[in-house]
Amino acid sequence: KAGVTQTPRYLIKTRGQQVTLSCSPISGHRSVSWYQQTPGQGLQFLFEYFSETQRNKGNFPGRFSGRQFSNSRSEMNVSTLELGDSALYLCASTRSLMDNYGYTFGSGTRLTVV
Amino acid sequence: DQQVKQNSPSLSVQEGRISILNCDYTNSMFDYFLWYKKYPAEGPTFLISISSIKDKNEDGRFTVFLNKSAKHLSLHIVPSQPGDSAVYFCAASESSNYKLTFGKGTLLTVNP
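Worth saying up front: this structure is predicted, and the values here are computed from it rather than measured. (Residues numbered from 1 in each chain as written. Chains lettered and ligands numbered in written order. Predicted model: local features only at pLDDT ≥ 70, side-chain atom pairs only at ≥ 80, totals over all residues. Heavy atoms only, no water.)

Novice: I'd like a rundown of the state of the cysteines, residues and numbers included.
Specialist: Residue and element names in this part refer to chain B. Counted under the stated rule, the structure contains two disulfides over all chains. Two residues share a disulfide in this structure: Cys-23 and Cys-90, whose sulfurs sit 2.0 Å from each other. The chirality of the disulfide connecting Cys-23 with Cys-90 is left-handed, given an S-S dihedral of about -70°. Highlighted residues: Cys-23 in strand 3 (residues 19–25) and Cys-90 in strand 9 (residues 86–93), separated in sequence by 67 residues. With respect to burial, Cys-23 and Cys-90 carry one shared label: buried. (Disulfide = S-S within 2.5 Å. Helix = DSSP H or I, 4+ residues; strand = E, 2+ residues; numbered from the N terminus. Buried < 20%, exposed > 50% of the residue type's maximum accessible area, 1.4 Å probe, protein only.)

Structure below.
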């Protein structure tokens, strides 16, 4: 079956611009989460959506936002980009955390802010 | 405040031997724990998980042990293979808040 698909894979943006990243979860998965990975901070939780509702949000500024559509696809947006936003952004989906079933991650979008 | 800690940044073992990766946590509300493996430029790959109601879970060469009183879990890989060389992340979750808290990872190198 198809995995979690993230587009684009690589992105270069200029400070002050905004960016939208896309994630298509595994078919049947209704929970979609976003994480930011940087060398200094590791993997940090951004937000989680289920049935188009944000159920939890991490400690990131309001410049980071997201949404989920009725088909479970999700997008995240970062406005007014800063150099420190350069990171690997990972999307993960799951059916359930129970029964030895973890989140499945996509390959990520590598964002470079110059 | 780092709620999930992997104190060993790296570990090197010989092929065929056991690899033991350790993880400590501080939040007693965590009730689900997972291990992920990650190669460069790829997303983490789920390996194995354990619920707080258990103290051991096995899946092939991978076994996770949970010691709730010590707030400690470990991943055992037996036997280790060169293809196991990767960064291993420990993660924890409170089932009520839908987020994973990750450790900083341990780079495992399995030497032929």
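Novice: Could you give me a rundown of the pattern of salt bridges, with the residues and numbers involved?
Specialist: Between side chains of opposite charge, a pair can form as their charged atoms come close. Evaluated as defined, the whole model comprises seven salt bridges over all chains. Note that Arg63(A) is salt-bridged to Asp85(A), the shortest N-O span being 2.8 Å. Placement of Arg63(A) in the loop between strand 6 (53–57) and strand 7 (64–68) and of Asp85(A) in the loop between strand 8 (74–78) and strand 9 (87–94) is noted, with a sequence separation of 22 residues between them. Grouping residues by exposure puts Arg63(A) and Asp85(A) together as buried. The shortest N-O distance in the salt bridge between Asp84(B) and Arg61(B) comes to 2.8 Å. With Asp84(B) in the loop between strand 8 (72–77) and strand 9 and Arg61(B) in the loop between strand 6 (56–59) and strand 7 (62–67), the pair connects residues that are 23 residues apart, well separated along the chain. The class of Asp84(B) is buried, set by a relative accessible area of 2%. Overlapping salt bridges bring together Arg63(A), Glu82(A) and Asp85(A) as one network. (Salt bridge = Lys/Arg side-chain N within 4 Å of Asp/Glu carboxyl O.)

Novice: So, the interface of chain B and chain A: which residues are in play, and what are the values?
Specialist: Quite often, the size of an interface is put as the accessible area lost when its parts meet. Each partner contributes to the interface: chain B provides 21 residues, whereas chain A provides 24 residues. When chain B packs against chain A, close to 1,800 Å² is buried across both sides, 59% of that on carbon and sulfur atoms. Summed over the shared surface of chain B and chain A, the result is zero salt bridges. The interface formed by chain B and chain A contains five residue pairs in polar contact (both at pLDDT 80 or more). Residue contributions to the side of chain B that touches chain A peak at four residues, all from strand 4 (residues 32–38) of chain B. Residues that form the side of chain B that touches chain A fall into these classes: 11 nonpolar, six polar and four charged. (Contact = heavy atoms within 4.5 Å. Buried area = accessible area lost by both parts, 1.4 Å probe. Polar contact = N/O pair within 3.5 Å; in protein donor to acceptor, adjacent residues only side chain to side chain. Nonpolar A, V, L, I, M, F, W, Y, C, P; charged D, E, K, R; others polar.)

Novice: Break down the layout of surface pockets for me, with residues and values.
Specialist: Of the volumes computed, that of the largest pocket is approximately 440 Å³. If you go around the largest pocket, you meet 18 residues; those closest to its centre are Leu43(A), Gln44(A), Phe45(A), Asp1(B) and Thr101(B). Of all the secondary structure elements, the ones that give two or more residues to the lining of the largest pocket are strand 5 (42–50) of chain A together with strand 10 (100–102) of chain B. No other element matches the four residues that strand 5 of chain A contributes to the lining of the largest pocket. In the lining of the largest pocket, the residues fall into six nonpolar, nine polar and three charged. In this structure, the second largest pocket encloses a volume near 200 Å³. Every residue lining the second largest pocket is listed: Gln37(A), Thr38(A), Pro39(A), Gly42(A), Leu88(A), Arg110(A), Lys38(B), Ala41(B), Phe89(B) and Lys104(B). Here the lining of the second largest pocket is composed, by residue class, of four nonpolar, three polar and three charged. (1 Å grid on protein atoms, 1.4 Å probe; cavity = no way out; pocket = protein on both sides within 12 Å on 5 of 7 lines; lining within 4 Å. Points joined across faces, edges and corners; volume = space filled by probe spheres on them.)

Novice: Give a detailed account of unusual backbone geometry, specifying residues and quantitative values.
Specialist: Residue Pro8(A) is bonded to the preceding Thr7(A) through a cis peptide linkage, with omega at -10°. Within the secondary structure, Pro8(A) sits in the loop between strand 1 (5–7) and strand 2 (10–13). Each neighbour pair has its own omega, and for Val78(B) with Pro79(B) the value is -10°, a cis peptide bond. Position of Pro79(B) relative to the elements: it lies in the loop between strand 8 and strand 9. Positive phi outside glycine occurs at Ser51(A), with the angle close to 50°. Within the secondary structure layout, Ser51(A) lies in the loop between strand 5 and strand 6. One non-glycine residue, Thr80(A), lies in positive phi territory at about 45°. Along the polypeptide, Thr80(A) turns up in the loop between strand 8 and strand 9. According to the relative accessible area criterion, Thr80(A) is partly exposed, its value standing at 46%.

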